[in-house]
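Structural description and commentary
Now for the letters of each chain:
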Amino acid sequence: MRLVIVSNRLPVRLVEKDGRIAVEPSAGGLATGLEAYLSALPAESPFDEKPLWVGWPGRPLTDRTGLDIFQAQGRAFDIHPVHIPEDEMNAFYHGFCNAVLWPLFHYFPTYVSYKDSSWQAYEKVNTRFLTALEPLVREDDVIWVHDYQLMLLPRLLRQAHPLAAIGFFLHIPFPSHELFRTLPRTCRQALLHGVLGSDLVGFHTYDYTRHFISSVSSILGLSNTMGRLAVEDRPVVADTFPMGIDVAKYADAAASKPARALADNLRRSLAGADIILSMDRLDYSKGILNRLAAFELFLKRHPERLEKVVLMLVVVPSRTEVKRYQEMKKRIDELVGRINGKYATMAWTPILYRFSCFPLGELAALYAASDVALVTPLRDGMNLIAKEYVAAKNGGTGVLILSETAGAAAEMGETLMVNPRDIREMAEAIETALTMDRDAQIRINQTLFTRLTRFDVRHWAGDFLDSLFGVRDERRRLESR
Ligand code: G6P
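Only a predicted model underlies this, so the values are computations on that prediction, with no experimental measurement involved.

Before going further, it helps to spend a moment on the side chain of R2. Here R2 lies in strand 1 (residues 2-9). Classification of R2 as buried rests on a relative accessible area of 8%. Only 2.8 Å separates the side chain of R2 from the side chain of D141, close enough to count as a polar contact. For R2, the residues in contact, after removing those within four places along its chain, are F47, E49, K50, P51, L52, L136, V137, R138, D140, D141 and V142.

What follows is the structure, encoded as structure tokens:
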């Protein structure tokens, strides 16, 4: 049996650097989480062949950037890049995925800009993925489709391969039915029908699963029993699978000698100031502006903390060609400038700001060095940074301030939980975190670490795939009757 992963974004992307094409890691939870799972498939995994990952390589494929650049990488899985012409990709990715599904599913309905031409591009690109898969797929493959960019693909695959085991996982929130129904009728029906081509549909939290089921019931009129549906006489199950991380990867990286040396250097260079970490992809859903406003209010209300605390603000470039993201970046730059301009002294800058990607070693050093992590998205499907921070702390000190509207909140109730829209509450949470008793920090981090270890990325994928096999086998039994 072979596992075939299909996602819009591959774990690596092609970039042009100094006139040459290079391969770089992709940002975002889907790529990092799944890569961790595929790179070390557990011994008990039923897959006896190298997995295959099919996806878009980040730019159109030309002669120079054919298959070889991916095959030369020596990974635990094969990569098959899907060629999508630039204009089609623009209409699909920018026009529909980033201008309709992303804002709507993250509760920013006023950011939605729907165009029929973009919807048509979405249909076209989903079909393009099917065409790319056709020569690759074998009868006993298990096909696992990921995320909101490919919601039509499971149904297309089901029509072409009625017997295949097909799973779908959504990495972002599934919104309340009241929001989902604002999509044009044909589009909302097609998206639901598309996903229901799978045997199993997975979500990060119970709420997302519930929202999906109520949309299916009110829009398609399909009833369910505890998430079990009958779709054209096929059983389909919708269920909750909170994604975990590779805990040892972050714990070991943070404990490594180079990371500890980097962390010590950083602490020394900041003259012992408390370090608050903020780390995200550039995105309006991440609540970076609210977080900065909360930090500003915190400085205003706690003058005794001036020169004694530093906010390390790391923003990882993402979707930088999209206007809304460019505007967001500009507003972050301005706000950082304003806060630093107001509070900095000759010896101290309150916000240290980096707009770049970080390799694992440096990331782990930042996790290790920081006393507090501010993870306060306005909405987030899961948020793996929250989990990575706790893993890197490995039961030691460090306080996570977490947004109640991140999927991770459902599993990390022991942290300092905040409403990311309540600036005052967040400012006070920073003070609470900085004064939290060391023993209490350790107690909380140990509890969370134990839970993260138990429900890690292998558990997540194993649980999803076991359930998928269960539904597939049930379908086969029904078909053979
Ligand atoms: C989130 C989504 C992923 C996406 C990633 C990066 O994590 O769930 O599907 O790949 O963001 O966004 P991008 O648009 O660069 O693929």
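What follows covers helix 14 (residues 384-393). Burial of helix 14 is extensive: nine of the 10 residues sit out of reach of the surface. Burial in helix 14 covers these residues: L384, A386, K387, E388, Y389, V390, A391, A392 and K393. The inward-facing, buried residues of helix 14 abut helix 1 (29-39), helix 9 (247-255), helix 13 (360-369), strand 15 (372-375), strand 16 (399-403) and helix 16 (438-454). Its side-chain oxygen placed 3.0 Å from the backbone nitrogen of I385, N383 serves as the N-cap of helix 14. Once helix 14 finishes, N394 follows within two positions and takes phi at roughly 45°, a positive value.

What follows deals with the site of the ligand. Lining the immediate surroundings of the ligand are 14 residues, of which R9, Y93, D147, Q149 and R319 lie closest. Here an oxygen atom of the ligand and a side-chain polar atom of R9 are 2.7 Å apart. Within the contact set of the ligand, an oxygen atom lies 2.8 Å away from a side-chain nitrogen or oxygen of R319. Coverage of the ligand by the protein amounts to 92% of the 380 Å² it exposes when considered alone. Elements supplying a minimum of two residues to the shell around the ligand: helix 1 and helix 3 (86-105). Tallied by class, the residues present in the shell around the ligand amount to six nonpolar, four polar and four charged.

Take the side chain of S356 next. Mapped onto the elements, S356 comes out in the loop between strand 14 (351-355) and helix 13. On the basis of relative accessible area, S356 is assigned to the buried category, the value being 19%. A polar side-chain atom of S356 sits 3.4 Å from a polar atom in the side chain of R354.

Turning next to the packing of aromatic side chains. Evaluation of the coordinates by the stated rule reveals 26 aromatic pairs. Considering the side-chain rings of W53 and F77, the 5.7 Å spacing of their centres and the 45° angle between planes classify their relative orientation as tilted. You can see W53 sitting in strand 4 (residues 52-56) and its partner F77 sitting in the loop between helix 2 (68-71) and strand 5 (78-81), a full 24 residues away along the chain. Overall, F77 belongs to the buried group, its relative accessible area being 3%. With 5.2 Å between their ring centres and 70° between their planes, F241 and F464 make a pair best called edge-to-face. With F241 in the loop between strand 11 (234-240) and helix 9 and F464 in helix 17 (residues 457-480), the pair connects residues that are 223 residues apart, well separated along the chain. Each member of the pair, F241 as well as F464, is classed as buried. Feature note: the residues F92, F96, Y114, W119 and Y122 constitute an aromatic cluster, connected by ring pairs. For the cation-ring pair, R319 lies above W102, with the distance from its terminal atom to the ring centre recorded as 4.1 Å.

Definitions and limits used
- Residues numbered from 1 in each chain as written.
- Predicted model: local features only at pLDDT ≥ 70, side-chain atom pairs only at ≥ 80, totals over all residues.
- Heavy atoms only, no water.
- Helix = DSSP H or I, 4+ residues; strand = E, 2+ residues; numbered from the N terminus.
- Buried < 20%, exposed > 50% of the residue type's maximum accessible area, 1.4 Å probe, protein only.
- Polar contact = N/O pair within 3.5 Å; in protein donor to acceptor, adjacent residues only side chain to side chain.
- Contact = heavy atoms within 4.5 Å.
- Near = heavy atom within 4 Å.
- Areas by Shrake-Rupley, 256 points an atom, 1.4 Å probe, with all protein chains shown as cover.
- Nonpolar A, V, L, I, M, F, W, Y, C, P; charged D, E, K, R; others polar.
- Phe/Tyr/Trp six-rings, centres within 6.5 Å; stacked < 30°, edge-to-face > 60°.
- Lys NZ or Arg CZ within 6 Å of the ring centre and 35° of its normal.

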